[in-house]
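# Fold and geometry: a report
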Number of protein chains: 2
Amino acid sequence: MINRLSSTDADFRSRLEVLLAFEAALDAGVQQAVTDIIHDVRTRGDAAVLDLTRRFDRLDASSMGQLEVPKAELQRALESLGAEQRTALETACQRVRDYHAHQVQQDWKIVEADGTRLGQRVTPLDRVGIYVPGGKASYPSSVLMNAMPAKVAGVGEIIMVAPTPGGERNTLVLAAAALAGVDRVFTIGGAQAVAALAYGTQSIPEVDKIVGPGNAYVAEAKRRVFGRVGIDMVAGPSEVLIIADGSGDPDWVAMDMFAQAEHDERAQSILLCPDASYLERVAESIAKLLPTMPRADIIRASLQDRGALILVRGLDEACEIANYVAAEHLELSVHDAEALLPKIRHAGAIFIGHWSVEALGDYCAGPNHVLPTGRSARFSSPLGVYDFQKRTSLIRMSREGAATLAPVAAALAYGEGLQAHALSALYRK
Amino acid sequence: MINRLSSTDADFRSRLEVLLAFEAALDAGVQQAVTDIIHDVRTRGDAAVLDLTRRFDRLDASSMGQLEVPKAELQRALESLGAEQRTALETACQRVRDYHAHQVQQDWKIVEADGTRLGQRVTPLDRVGIYVPGGKASYPSSVLMNAMPAKVAGVGEIIMVAPTPGGERNTLVLAAAALAGVDRVFTIGGAQAVAALAYGTQSIPEVDKIVGPGNAYVAEAKRRVFGRVGIDMVAGPSEVLIIADGSGDPDWVAMDMFAQAEHDERAQSILLCPDASYLERVAESIAKLLPTMPRADIIRASLQDRGALILVRGLDEACEIANYVAAEHLELSVHDAEALLPKIRHAGAIFIGHWSVEALGDYCAGPNHVLPTGRSARFSSPLGVYDFQKRTSLIRMSREGAATLAPVAAALAYGEGLQAHALSALYRK
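Residues numbered from 1 in each chain as written. Chains lettered and ligands numbered in written order. Predicted model: local features only at pLDDT ≥ 70, side-chain atom pairs only at ≥ 80, totals over all residues. Heavy atoms only, no water.

## What to know about unusual backbone geometry
What you tend to see is this: most non-glycine residues have negative phi, and most peptide bonds are trans. Selection rule: Each helix is a run of DSSP H or I of at least 4 residues and each strand a run of E of at least 2, with the numbering of both proceeding from the N terminus. For every residue, the accessible area obtained with a 1.4 Å probe (protein chains only) is divided by the maximum for its type, and the residue is called buried under 20%, exposed over 50%, and partly exposed between those limits.
Here the phi dihedral of Arg58(A) falls at roughly 50 degrees; this positive angle occurs in a residue that is not glycine. Structurally, Arg58(A) can be placed in the loop between α3 (46-57) and β2 (68-69). Despite not being glycine, Arg375(B) has its phi angle at roughly 70 degrees, a positive value. Assignment of secondary structure puts Arg375(B) in the loop between α15 (358-363) and β15 (389-396). For Arg375(B), a relative accessible area of 17% gives the class buried.

If you want it as C-alpha cells, here you go:
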C-alpha cells in the first residue's frame, strides 16, 4: 500500500521528484474571493468583518465586542484544565521559552581607529498577529509555538485570531493563549481576519507581522498583504524523512511515519534504508499497526499517495537524498547518528538517534514546530525569536572618517551618474 | 515647489499618510505576461530564454553560451578601470566585507542535566541568484551590496543575471562582479531571468534564493516563485527622512535630499524640523542649488510629488513621526544625535550626526544599502549575511530525557486528537 522505490531504479530521480511534487494550484476563485474580502475589510472595517464572519463562520455577532474573548475567559479556560493537561501545557511552555531564549539577537558595534562607529541595533516588533486555524486543525501547541518566540523577542502586543465556526470555542487553545501571554484574542478567521490585522479596523489594531498556518484563503490573503506587513512562510503539507540503518525497532519507525501521516492526507512520510529486509519489517509493522489507529483512513491515504519506503545503496547516499529533499523533519534512526550529522546540510529540524522522535519536538522538547516545508529548508529556518526582531544599521562617521571616505563615495557616485550623491559626500570632506 | 506641512495642522496625519502612500498597482497585464513567461521558461528552458531575450532586450544570441560572460571578461573589466575608480571599488568592497563579517550567525547548543542536547546549526545556502537591473539603474555598488553578504555567509555559488539591452555591457558592473567573487554572470533579465534561476534550464543552474531589485515584471516574477526559492524583500521607491535641529548647514541638508530625489521621480525626501526659520533656509538652499544639478528634472519632480518640509513641535515629536514612517534611511542632522537615538524604534539605517550622510552609506561606510522601504522597517532588516544562512534545529534526546517528556507530549497529543503522535512518543518512555 505504500510506494516502494530503490535508488538503483533507472527512473529513481524522476519518481522521487513526482513523489515530492506539491504545488498548491493557484485557484482563480480563491484569488477573486480574497481580492473582494480584502477590499471589503479595507472599505467597511468592522462592519465587513462582522458580515463575513456571519457568512463564513455562521457566527451572528452584532458588535466586534462579541467577537473578542475577554482576558478573564482565557484565564478561566486555563484554570478549567485537568491537572495532567495543565502540567503538560506548562511544561511545554516553559521548555519552549527556555530554548527560544538562546535565539535572542544582540546589538553589535565596531569602533574604528578614526572614531567612526558602525553597528546594528536589534529591536522587537511593536505588534504581531497570530493566526490559529479553527476546526480540526486547531492546535494549542501551535499557539505556544507561534506566540512564545514573539514573547521572548519582546514584542509589545500579540493579537491572536482564531475562527470559531458555529461559535464553538476550543478550551485548550484559549488556555494556551493565556499561558503564552497573548494580549488579545478575536474569534475571527479566513481572509477577513488577515485583512483586518494588516489594515486595521475600528476595533482590530493593525499589526506589523502576521504568522501562523491557515487554509488556501488565509495563505492567499497572507501573500497579498505581504509588504504592507511581514508574514512568515506560506506552509505546505507537513513531512518527515527518516534515515534508518536497521538498528531500531521497526514498530517505532512505523509509528513515527503514522504520526506524520495522521495530520492529513497530503502529509508525507518517507523512509530511507540500505537494508531491504529492514524495510520489509517496517512494512509489516505498518500493516500490523495501521488497523489499530483511530485515524487509520487518513494515515492510509497519506502513505498511499505520498509515502515511500526507499532502498538506498548506503547511509552516505541516504544523506545525499536527504539534502535534496531538505525535509521539514529529519529523523536519524541510526546507531551512530553523530557520524551522519556533518553530512546533512538541509533540514528544518534533525532528530538525532532513536530516542529523538518528532512527536517530542512537536510538543515539548523546546525547539519550534513551525518549520520550513516543501524543500524550503534549503533557504529558510524554523520560526524563531529572530522572526520577531529586526535590525537597524547604525552609522556614526567621525569627521576624519567622513573626510577619508567622501572621495571614495564620490568616485563611485560619479561612475553611476549620481552627482548629488557625490556632492553630498564631498560636502563632508 | 516642495510640500510644506506642520504637525499642528488639523489634517496633518492624513496629509502625511497621503504623502507616504505608495502601493504599486497590481497590473493585470504584468501578471498575465509573467504567468506566460514563467510557463514558457519552465517548458522550453534555454530556447525560451533565448527567444525572450531576443524579444525584450534586442539581443540576438543563438546559444546560451553567448549570454554568459566568461570569467576572463569580468577580470578584464576590473583591470580596465582607472586607478581612482579601482581603488574606490576595492575600498568599498573591503569595508562592506569587514562590516558584514560581524553578522555571521553561530551555532549554539544547550546540554541538559539528563544528557539531552538541543540547539541550532547555521549553514550557508548552496547557490543564490543576484538580479542586477540593466540600463540606467545598473549600479556596481548594488553588485557589491548583494554579493558580499552571500560571500561572507559562505554561499557555495553566486549566479548573477544582468540584462544588457542592445548588448551593451556595463564595465563597472562586471568589474564589481569580479571583485565580489561572483561565480557566473548571464546577460539576461526580466521575468525570464527570475524563472530561469528559480526552475533552472539546460544552461542556467537553479538557485535556492533570488535577491536584488528590478522592474515591475521582475518584482511580480519574484513574488510568484517565492516558496519554490527564497526571495529578499520586494522593494519600493527609496526614501530618506531627515531630522534637523537647525545646527547644520542647510546646503548639506538640501543636497542630502537631492541625493535621494535624483534616484527617480518616485523617491521620497522628507525633512522634520522644529525651527521654522531653518526650514526656510533649507528651502532657499533647494532653490539655489537645484539649477546646478545635472539631474534637476528628476529631483524637482520627486520633491514636488513626494518630498516635504515638515514643521514639528519638537525633536521628541520628530522621533514619534520617524517611528511611524519607519524610513529606509534616517539622518539625525542634529547637534546631540545620541540623545535622540534611544527614541527611534523603526528605521532601516540611522545616520548619526552631521558627518554621517547617506551617500557614504550607499557606497562605502560598510553597512548594506539594500534596506527595507515603504514602512517595512517596522518588521524587516537590512540585507545581510543572515539572509544567506539558515538554521536547522537539532534535537538529541537522552533516553532519560525522552522518558520524562513522553508523557507530556502524549497528554498534549491526546488533547489534539493525534493518537499516533502520542504512541510514537510513549514508545520512547
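That covers the picture; the talk isn't over yet.
## Things to note about the relation of the copies chain B and chain A
This is how it is decided: The copies were overlaid with a least-squares fit restricted to C-alpha atoms from residues scoring a pLDDT of at least 70 in each copy. Contacts: residue pairs with any heavy atoms within 4.5 Å of one another.
With an axial shift of 0.0 Å and an RMSD of 0.0 Å, the rotation relating chain B to chain A amounts to 180 degrees. Here the transformation between the copies is reduced to the relation of a two-fold axis. Within chain B, the C-alpha atom positioned nearest to the axis of rotation is that of Arg223(B), 4.2 Å from it. Most of the interface of chain B is mirrored in chain A: 100% of its interface residues are interface residues there too.

## With respect to helix α13 (residues 315-325) of chain A
Every buried residue of α13(A) is listed here: Glu317(A), Ala318(A), Cys319(A), Ile321(A), Ala322(A), Asn323(A) and Val325(A). Phi turns positive one or two residues past the end of α13(A), at Ala326(A), with a value near 50 degrees.

## Looking at the side chain of Arg378(B)
Definition in use: Pairing of N or O atoms within 3.5 Å defines a polar contact, subject to two protein rules: one partner must be a possible hydrogen donor and the other a possible acceptor, and residues neighboring in sequence count only if both atoms are side-chain atoms.
Take Arg378(B): it is sitting in the loop between α15 and β15. Arg378(B) gets classed as buried once you look at its relative accessible area, which sits at 5%. A polar atom in the side chain of Arg378(B) sits 2.6 Å from the backbone oxygen of Arg228(A). At a separation of 2.9 Å, a polar atom in the side chain of Arg378(B) contacts the main-chain carbonyl oxygen of Arg375(B). Aside from chain neighbours lying at most four places away, what touches Arg378(B) is Leu125(A), Val207(A), Asp208(A), Arg228(A), Lys390(A), Ala326(B) and His346(B).

## Structural notes on the pairing of strand β3 (residues 108-111) of chain A
All names here are of chain A. The condition is simple: Strand pairing is defined by DSSP finding a minimum of two bridges between the two strands.
Residues of β3 alternate between two faces, with Trp108 and Ile110 buried on one and Lys109 and Val111 left unburied on the opposite face. In this sheet, strand β4 (residues 117-124) lies alongside β3 in antiparallel orientation, the contact comprising four bridges. Each residue of the ladder has a partner; that of Val111, found in β4, is Arg117. Where β3 folds back on β4, the antiparallel hairpin that results is connected by five residues, among which Gly115 adopts a positive phi of roughly 95 degrees.

## Re the environment of His346(A)
As for its placement among the helices and strands, His346(A) is situated in the loop between α14 (337-340) and β14 (349-352). Sequence separation of His346(A) and Cys319(A) is 27 residues, and the distance between their C-alpha atoms is 9.7 Å. In this structure, His346(A) is in contact with Ala322(A), Asn323(A), Ala326(A), Ala327(A), Ala377(A), Arg378(A), Asp126(B) and Lys390(B), ignoring residues within four places of it in sequence.

## Considering the UniProt feature "active site" (unreviewed entry) in chain A
All names here are of chain A. Rules: UniProt positions are given in the numbering used here, feature names are shortened, and annotations may be inferred rather than shown by experiment.
Following the UniProt record, one finds the feature "active site" (unreviewed entry) at Glu328 and His329. By the secondary structure assignment, Glu328 is in the loop between α13 and β13 (329-333). Overall, Glu328 belongs to the buried group, its relative accessible area being 5%. For Glu328, the contacting residues outside a window of four places in its chain are Pro237, Ser238, Glu239, Gly348, Ala349, His369, Leu371, Pro372 and Thr373. Polar contacts involving the side chain of Glu328 include one to the side chain of Ser238, which spans 2.9 Å. Within the secondary structure layout, His329 lies in strand β13. Those residues in contact with His329 that sit more than four places away from it in its chain are Ser238, Glu239, Val240, Leu241, Gln260, Ala349, Phe351, Glu358, Asp362 and Leu371.

## Some thoughts on the sheet that holds strand β14 (residues 349-352) of chain B
To keep things clear, this is the line we draw: Angles shown run from 0 to 180 degrees and are taken between the N-to-C directions of axes, each axis being a line fitted to C-alpha atoms and, for helices, limited to the stretch in contact.
If you trace the nine strands from one edge of the open sheet to the other, you get β3(A)-β4(A)-β15(A)-β14(B)-β13(B)-β10(B)-β11(B)-β12(B)-β1(B), paired in mixed fashion. For this open sheet the edge positions go to β3 of chain A together with β1 (3-6) of chain B, each flanked by a neighbour on one side alone. Each neighbouring strand pair of the sheet contributes to a mean axis angle of 20 degrees, computed without reference to strand direction. Contacts between helix α5 (residues 83-101) of chain B and the sheet are confined to β3, β4 and β15 (389-396) of chain A, with β4(A) contributing the most and set at about 40 degrees to the helix.

## Focus: the UniProt feature "binding site: Zn(2+)" (unreviewed entry) in chain A
Listed under "binding site: Zn(2+)" (unreviewed entry) in the UniProt record, and renumbered for this structure, are Gln260(A), His263(A), Asp362(A) and His421(A). What stands out for the annotated residues spanning 162 residues is how far apart their C-alpha atoms range, the widest pair being 55.9 Å apart. Tracing the backbone shows Gln260(A) in helix α10 (residues 250-261). Those residues in contact with Gln260(A) that lie beyond four places of it in its chain are Ser238(A), Glu239(A), Val240(A), Ala267(A), Gln268(A), Ser269(A), His329(A) and Glu358(A). When neighbours within four sequence positions are excluded, Asp362(A) is seen to be in contact with Ser141(A), Met145(A), His329(A), His369(A) and His421(B).

## Here we look at the packing of aromatic side chains
We count it as follows: The pairing test for Phe, Tyr and Trp rings, Trp by its six-membered ring, is centres within 6.5 Å, and the orientation test on the planes gives stacked under 30 degrees, edge-to-face over 60, and tilted for anything in between. Placement of a charge over a ring requires the Lys NZ or Arg CZ to be within 6 Å of the ring centre, with the centre-to-atom vector within 35 degrees of the ring normal.
Counted under the stated rule, the structure contains five aromatic pairs over all chains. A ring pair is formed by Phe226(A) and Phe226(B), whose centres lie 6.1 Å apart and whose planes are at 15 degrees; its orientation type is stacked. Separated into two different chains, Phe226(A) in the loop between α9 (216-225) and β9 (230-231) and Phe226(B) in the loop between α9 (216-225) and β9 (230-231) make up a pair that spans both. When the ring of Trp252(A) is compared with that of Trp355(A), the centres are 5.5 Å apart and the planes differ by 70 degrees; the resulting orientation is edge-to-face. Placement of Trp252(A) in helix α10 and of Trp355(A) in the loop between β14 and α15 (358-363) is noted, with a sequence separation of 103 residues between them. Trp252(A) sits in the buried class, given a relative accessible area of 17%. Against the face of Tyr324(A) rests Arg375(A), its NZ or CZ located 4.1 Å from the ring centre.

## Thoughts on the interface of chain B and chain A
Note the cut-off: Note: buried area is the sum, over both parts, of the accessible area (probe 1.4 Å) each one loses when the two are combined. Salt bridge, as used here, is a side-chain nitrogen of Lys or Arg placed within 4 Å of a carboxyl oxygen of Asp or Glu.
Between chain B and chain A, the residue contacts involve 115 residues of the former and 115 residues of the latter. Taken over both partners, the interface formed by chain B and chain A buries close to 10600 Å², and the fraction arising from carbon and sulfur atoms is 58%. Among the residues chain B hides against chain A, the three largest losses belong to Trp355(B), Tyr363(B) and Arg428(B). Together they make up 8% of the total. Counting across the interface, chain B meets chain A through twelve salt bridges. At ten residues, the largest contribution of residues to the side of chain B that touches chain A is made by helix α16 (residues 399-415) of chain B.

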